[in-house]
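Listed here are the chains, written in short residue letters.
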Amino acid sequence: MKSNNGLRISFLLVFVSILLLALSVVSSAATLEVTKDDSGLNLIQEAVKRAEPGDTVLVKSGHYVENISIDKDLTLQARTPGKVRIDGTVDGRPTLRIGPSEISVTVIGISVEGAEGGICNDRARGVCPDGLSAAGKSSVEVENSSFESNGKNGIRLVGSSRVEIENSKIKGNKRAGLWITESAEATVRNIRISNNRNGLYLDRSARIVLSDSDILSNSGYGINLFGESRIILESSQVKENGKGGLKFENTSRGIVRNTSIKANDGQGVLIQSSAKVTMEGNEVKGNAVGITSHTDESVTFANNDIFKNSIDLVGGLSGNLRKKLNPENTREITLPNEDYSGFQAAVDALERGGTIYLDGEVTGHAVIDKKMRLEAKEVRAQLASQGDTIAPLLSLVKNAKVEIEGISVGGSGGTGVVLASNARLIASKSTFEDNSEEGIGLWNSAELHLKHSAVKKNGGSGLRLVDSAQLEVRASNISGNKVANVLLAGSSSGDVESSKITASEGNGFSIDDLARLSVKESEISGNESNGLKLTASGSGSVVNCGLSDNEEDGIALYSSSRAHVADSKMTKNVNGISLREASVLVSERNSFKGNRNGIKVMDPEKFRGEIRGTKNAFSENDSDFSGVKESIKQELTE
């Protein structure tokens, strides 16, 4: 019995000792008050310096002009929330910098503004003109605060810093509202991110959980993810952003639930590269484009409402994801037609294999997920955009098969036609012109057959192929496009015959990233850069073509690209053909006339490629060869 009493007394003494120690720690935490009058401290930074770890710096109402650094456990609190404003004064530095030590800081009721300048003092350490910058292993809690009108970001997190933000706003910053990079993490609840360039930007393994918040009216994207970044977004609004709502790129990952994504000027959701996204129970409404997916990873959808966007779906998506405006119930429709609310309504009502006739001009955008035909009723029929909408006029998704004859497709604020996921388009006697982006864009093994048609004066490339897309062009005119007349990349392939590829503001053909092109009996002339440019293991076969008056080279070979050129004429280019690095040329029976150089190796000492051929003719060039070995010259002209 005595032994038990002794144990109780010992336990009681230990408990009292721990309690007294805890009370002494609590009692040792002090509050330092900052005021604008002369009664005490009037600089926040001075109070931070005097404070011991665990203290509170309590700031009375007022406008404080200073840059503050905190590298100890501390609470920075406004006596009256919303009545304390701090403006930075030093160019290239954050107004409030926290870390990089392993510390815990709480910020309550403070407005952090006016970080000066547009250039970082020390980007690697996160020293930039941001409102709040947290670095290293610091941990920050933010409540009832605002971050406005800073030279870079409202809040920047770098290193392995952590932040929790609640009941706050981030507004009008020149770069991003919230920028998170490296392995930094954020948990955000009930905040408003508005009127920044981008609302939220994540990169390089950054993480965020965001809920019950509004991301709106940013001039770029509401939420922008790159690298290995991750987001869980729930019960929020992403709306009225200039370029789009959410953008997932590279290997980013996202879970989006019960969120309204609406009225964004560009994409509601854009998913590309190797991004992977799950979307459940969301509303995607009133955007220029509802959802675009060009990812090679899986996208999981469940119970989303995707409707009333200028165009609901683009890319490798099932047309069944969107709400159909009409059941399929007719084989032929002539537009305009008062029985249908618009072009998409008519497409939805058309039975598979049916035909829509255009009688004059029809405005509208449509997702097509079936086999159908679009044909002119009169000699000239036009499909045009509704206003300056940043959306394709036609989006062919998941195995769609469409024939177009005699139609002009143009005036879109985006691309004229986008094909994806094995979709197939056969276009004849048609024109694709004056679209702000590409005339026609192909993704994910899509296929285009273009005959007796024109693709001209588009703001991007005339034709753009990626991801193993395929192209056949016959007797067509592709001209005057801004980026390139024809761009092939990502193992895509093209076969062009009896056509004109002229007057591009860039290259006639750009062939990149394992793409392959065969062009025969065609004119490739007057392009502001090269007739053909081949890079990154791209390959080309040019037979019986004329390459003339291109402002750079007839054919330019880069890296490990390859070209076989036969029975063709290179006339009045800077170089008929130029080679670099490890590129390979086979030239047979070609004519080089009136060029600055017929064939030129750009850097002979570093050239590791190969030149072969025979029976080539050279005349009226300033120089027939430059940088080519004598033995090769002889072989080429024999």
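Residues numbered from 1 in each chain as written. Predicted model: local features only at pLDDT ≥ 70, side-chain atom pairs only at ≥ 80, totals over all residues. Heavy atoms only, no water.

1. Considerations on the overall build of the chain
The line we're drawing: Helix and strand assignments follow DSSP, with helices taken as H or I runs no shorter than four residues and strands as E runs no shorter than two, numbered in order from the N terminus. Remark: exposure states derive from per-residue accessible area (1.4 Å probe, protein chains only) relative to the maximum for the residue type, with buried under 20%, exposed over 50%, and partly exposed in between. Contacts are residue-level and defined by heavy atoms, with any inter-residue pair within 4.5 Å sufficient. Accessibility throughout is a Shrake-Rupley quantity obtained with a 1.4 Å probe, and a residue counts as covered only by protein chains that appear here. Positive charge is attributed to Lys and Arg, negative charge to Asp and Glu, and no charge count is given to His or to the chain ends. To locate a charge, the coordinates of NZ of Lys, CZ of Arg, CG of Asp or CD of Glu are taken.
Secondary structure summary: the chain contains four helices and 69 strands in total. Considered along the principal axes of its C-alpha atoms, the chain spans approximately 110 × 70 × 60 Å. In the chain, buried positions account for 55% of the 638 residues. Restricting the contact set of the chain to residue pairs at least 6 apart, pairs at least 24 apart contribute 40%. Summing over all exposed atoms, the chain offers an accessible surface of approximately 25900 Å²; the carbon and sulfur share of this is 44%. Computing the positive centroid from 75 side-chain charges and the negative centroid from 82, the chain places the two 2 Å apart.

2. Section: unusual backbone geometry
For the bond from Gly-99 to Pro-100, the omega torsion is 15°, close enough to zero to count as cis. For the bond from Leu-335 to Pro-336, the omega torsion is 0°, close enough to zero to count as cis. Considering the arrangement of structural elements, one finds Pro-336 in the loop between β33 (330–335) and α3 (343–349). Here the phi dihedral of Asn-250 falls at roughly 55°; this positive angle occurs in a residue that is not glycine. Mapped onto the elements, Asn-250 comes out in the loop between β23 (244–248) and β24 (253–257). Classification of Asn-250 by relative accessible area gives partly exposed; the value is 35%.

3. Looking at the sheet that holds strand β13 (residues 155–157)
This is how it is decided: We call two strands paired when DSSP finds no fewer than two bridges between them. Axes here mean lines fitted to C-alpha atoms, for a helix over just the part in contact, with angles spanning 0 to 180 degrees between N-to-C directions.
The eleven strands lie next to each other as β4-β7-β10-β13-β15-β17-β20-β23-β26-β29-β32, forming an open sheet whose pairing is parallel. Every interior strand has two partners, whereas the edge strands, β4 (68–70) and β32 (311–315), have only one. Taking the axes of each pair of neighbouring strands and ignoring which way they run, one obtains an average angle of 10° across the sheet. Of the strand pairs in this sheet, strand β20 (residues 221–225) and β23 are connected by four bridges, and their pairing is parallel. Bridging from a neighbouring strand, Leu-225 pairs with Phe-248 of β23.

4. Structural notes on the sheet that holds strand β57 (residues 532–534)
A sheet is described by the order of its strands in space; here twelve strands give the open sequence β36-β39-β42-β45-β48-β51-β54-β57-β60-β63-β66-β69, paired in parallel fashion. The open sheet is flanked by β36 (366–368) and β69 (623–626), the only strands paired with a single partner. The mean angle between the axes of side-by-side strands here comes to 10°, regardless of whether they run parallel or antiparallel. The sheet contact formed by strand β63 (residues 575–579) and strand β66 (residues 597–601) spans four bridges and is parallel. Counted as the bridge partner of Ser-578 is Lys-600 from β66.

5. Notes on the nonpolar core
Note the threshold: The set of buried Ala, Val, Leu, Ile, Met, Phe, Trp, Tyr and Cys residues whose side-chain atoms join them within 4.5 Å is what this entry labels a nonpolar core.
Membership of the largest hydrophobic core comes to 80 residues, with the highest contact counts inside it found for Ile-44, Val-57, Ile-180, Ile-208, Ile-223, Phe-248 and Ile-291. It is strand β16 (residues 185–194) that provides the largest number of residues to this core, a total of four residues. When neighbours within four sequence positions are excluded, Ile-223 is seen to be in contact with Leu-200, Leu-210, Ile-215, Ile-231, Leu-233, Val-238, Gly-245, Leu-246 and Lys-247. The next biggest cluster of nonpolar side chains, apart from the first, holds 78 residues, and it includes Tyr-340, Ile-368, Ala-427 and Ala-563.

6. Details of the side chain of Ser-529
Along the chain, Ser-529 turns up in the loop between β56 (523–525) and β57. Residue classification places Ser-529 among the buried positions, given a relative accessible area of 13%. Setting aside chain neighbours within four positions, we find Ser-529 in contact with Gly-506, Asn-507, Asn-550, Glu-551, Glu-552 and Asp-553.

7. A short note on the confidence of the model for the chain
This is how it is decided: A residue's pLDDT is the confidence the predictor assigns to it, expressed on a 0 to 100 scale.
On average, residues of the chain score 93 in pLDDT, and 95% of them are at 70 or above. Below a pLDDT of 50 lies the segment residues 18–27, which in the model reaches zero contacts outside its immediate sequence neighbourhood of four places, other chains included.

8. Concerning the packing of aromatic side chains
Quick note on the threshold: Classification of ring pairs rests on two measures: the distance between centres of Phe, Tyr or Trp rings, Trp counted by its six-membered ring, which must be within 6.5 Å, and the angle between planes, read as stacked under 30 degrees, edge-to-face over 60 and tilted in between. Only when the NZ of Lys or the CZ of Arg is both within 6 Å of the ring centre and within 35 degrees of the ring normal is a charge said to sit over the ring.
For the coordinates displayed, the defined rule picks out four aromatic pairs. Relative to Tyr-201, the ring of Trp-179 has its centre 4.2 Å away and its plane inclined at 20°; by these criteria the two rings are stacked. Of the two residues, Trp-179 sits in strand β15 (residues 176–180) while Tyr-201 sits in strand β17 (residues 198–202), which places them 22 residues apart along the sequence. Residue Trp-179 is classed as buried on the basis of its relative accessible area of 10%. Classification of Tyr-201 by relative accessible area gives buried; the value is 14%. Through pairs of rings, three or more aromatic residues link up here, namely Trp-179, Tyr-201 and Phe-226. Its guanidinium or amino end placed over the ring of Tyr-558, Lys-533 lies 4.8 Å from that ring's centre, counting from NZ or CZ. Sitting over the face of the ring of Tyr-558, Arg-580 holds its NZ or CZ atom 4.0 Å from the ring centroid.

9. What to know about the pairing of β15
Here β15 lies mainly inside the structure; five of its five residues are buried. With three bridges connecting them, β13 and β15 associate as parallel partners. Bridging across to β15, Leu-157 finds its partner in Ile-180.

10. Overview of the environment of Asp-495
For the record, the criterion: The definition of a polar contact used here is a pair of N or O atoms within 3.5 Å, where within protein one atom must be able to donate a hydrogen and the other to accept one, and adjacent residues in sequence count solely through side-chain atom pairs.
Mapped onto the elements, Asp-495 comes out in strand β52 (residues 493–497). Taking the C-alpha atoms as reference points, Asp-495 and Gly-245, 250 residues apart in sequence, are found 38 Å from one another. Once residues lying within four places of it in the same chain are set aside, the contact partners of Asp-495 are Leu-471, Glu-472, Val-473, Arg-474 and Ser-518. A polar side-chain atom of Asp-495 sits 3.3 Å from a polar atom in the side chain of Arg-474.

11. Points about the environment of Ala-134
By secondary structure assignment, the location of Ala-134 is in strand β10 (residues 132–134). Ala-134 sits 494 residues away from Val-628 along the chain, and the two C-alpha atoms are 57 Å apart. If near-sequence neighbours (up to four positions away) are discounted, Ala-134 is found in contact with Ile-98, Val-140, Arg-156, Leu-157, Val-158 and Ser-161.

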